[in-house]
Protein chains: 2
Amino acid sequence: MLVFGVDPGLTRCGVGIVEAKTSRQLSFVHVDVVRSDPGQSQDLRLLTIFEGLSRQMDEFSPDVVSIERVFAQENRNTVLGTAQAAGLAMLAAAQRGIPVALHTPTEAKLAVTGNGQAEKIQVERMVARILRLDRLPKPADAADALAQAICHALRPAGALQGGEREQHLTQAQRQWAQAQHANKHRSPVQRDM
Amino acid sequence: MLVFGVDPGLTRCGVGIVEAKTSRQLSFVHVDVVRSDPGQSQDLRLLTIFEGLSRQMDEFSPDVVSIERVFAQENRNTVLGTAQAAGLAMLAAAQRGIPVALHTPTEAKLAVTGNGQAEKIQVERMVARILRLDRLPKPADAADALAQAICHALRPAGALQGGEREQHLTQAQRQWAQAQHANKHRSPVQRDM
């Protein structure tokens, strides 16, 4: 199962992709930060983020997209942009018929470090250890996206499985998602570091 | 100038389209509410809203999309969904190379009633009067989307004009927007009531 983790943000939107052969056998696939220019107008910034996320979903064809859950009580200056970036990630997944999961930052930290309040450096170190990386993930803020993907891969049995969500799609949405997929020419993907 | 007003919401997203021959000569074109099912998962609801907005932008090819500005201090239960719906409207506009304007609810009320704190019924009555409608706009909550469009049409001289935003598009984005437009088969549109 290929898990596409998203740490949503309008200026920097982290993407971390992890392959889970079993829930205890995880491997690193890809990490990136999609950036938008704070000097541009908000609509063009959202377009940039959406295109970056869409392109990577097409490239890697994940089985599930796991997005950090945003809360209204977060930093007022950035929360709306963060919520919008999360919304774009959901939209890009829904357009492709890929199921979406949401996990809180606390759940992600707990999953990778055993401590829901862990410091950033602890998260980075444990992400590197779990994925058997030689060094800490770069760029540093992409660690949260990898942690989000790991968190979903390690979720307790009985939680949402990829495919389960299919039943929520309307007939028209499913057909559209299938048509979208059929039109894609998948590029060859290098899935190891 | 055709102004596409949006009153963003995840459950009900209002669309109100107004034609401005001059800033004092406004006419009604279209009103609608795009709905999503609260029983569906958030990603599918966002997809429904995005498709509804996109379809109507394709049908009417507006010169500008005017969206109600969302504030972080609004109702915590709905503000994130509202911000995400506004983000989708911005994305749909940006994908088509249509400039986006944002006006606050206070600005919209002020523009149509002369009172930024006007009651809902006052807004509905003044929207009907300005657009010379025989009755109050239906559904009632679409009045805010029409007020948003009217507000933009009546904005003071010197404010953002349609076309001015072109310069903010990158070369690639402009080409893409043009290609998108070239691919569209515009359906005939009835632009009066």
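Residues numbered from 1 in each chain as written. Chains lettered and ligands numbered in written order. Predicted model: local features only at pLDDT ≥ 70, side-chain atom pairs only at ≥ 80, totals over all residues. Heavy atoms only, no water.

The name given to chain A in an unreviewed UniProt entry is Crossover junction endodeoxyribonuclease RuvC, and the organism recorded there is Bombiscardovia nodaiensis. Turning to chain A, the UniProt annotation filed under Subunit (unreviewed entry) states: "Homodimer which binds Holliday junction (HJ) DNA. The HJ becomes 2-fold symmetrical on binding to RuvC with unstacked arms; it has a different conformation from HJ DNA in complex with RuvA. In the full resolvosome a probable DNA-RuvA(4)-RuvB(12)-RuvC(2) complex forms which resolves the HJ." According to its UniProt record, chain A has this under Sequence similarities (unreviewed entry): "Belongs to the RuvC family." (UniProt positions renumbered as here; feature names shortened; annotations may be inferred.)

**With respect to the sheet that holds strand β4 (residues 64–68) of chain A**
Residues and elements named next belong to chain A. Read across the sheet, five strands follow the order β3-β2-β1-β4-β5 without closing on themselves; strand pairing throughout is mixed. Looking at which strands have only one partner, the edges of the open sheet turn out to be β3 (25–35) and β5 (100–103). Neighbour to neighbour, the strand axes of the sheet diverge by 20 degrees on average, direction disregarded. For strand β2 (residues 12–22) and β3, the ladder comprises 10 bridges, and the chain directions are antiparallel. Note on β3: the bridge partner recorded for V15 is D32. Sitting on the sheet, helix α2 (residues 79–95) is in contact with β1 (2–7), β4 and β5, with an inclination near 170 degrees to β4. (Pairing = 2+ DSSP bridges. Helix = DSSP H or I, 4+ residues; strand = E, 2+ residues; numbered from the N terminus. Axes fitted to C-alpha atoms, helices over the stretch in contact; angles between N-to-C directions. Contact = heavy atoms within 4.5 Å.)

**Some thoughts on the environment of V18(B)**
All names here are of chain B. Turning to its location among the elements, V18 is positioned in strand β2 (residues 12–22). Between the C-alpha atom of V18 and that of Q148, which follows or precedes it by 130 residues, the distance is 9.7 Å. Ignoring sequence-local partners within four residues, the contact set of V18 consists of M1, L2, V3, L26, S27, V29, L131, L146, A149 and I150.

**Let's talk about the interface of chain A and chain B**
Counting residues at the interface gives 35 residues for chain A and 35 residues for chain B. Both sides of the chain A and chain B interface together cover about 2800 Å² of buried area, and 68% of this is carbon and sulfur. There are two residue pairs in polar contact (both at pLDDT 80 or more) connecting chain A and chain B. Where the side of chain A that touches chain B is concerned, the elements lending two or more residues are α1 (42–60), α2, β5 and α6 (171–183) of chain A. With 11 residues, α2(A) is the single largest residue contributor to the side of chain A that touches chain B. Its residues assigned to classes, the side of chain A that touches chain B comprises 20 nonpolar, 11 polar and four charged. (Buried area = accessible area lost by both parts, 1.4 Å probe. Polar contact = N/O pair within 3.5 Å; in protein donor to acceptor, adjacent residues only side chain to side chain. Nonpolar A, V, L, I, M, F, W, Y, C, P; charged D, E, K, R; others polar.)

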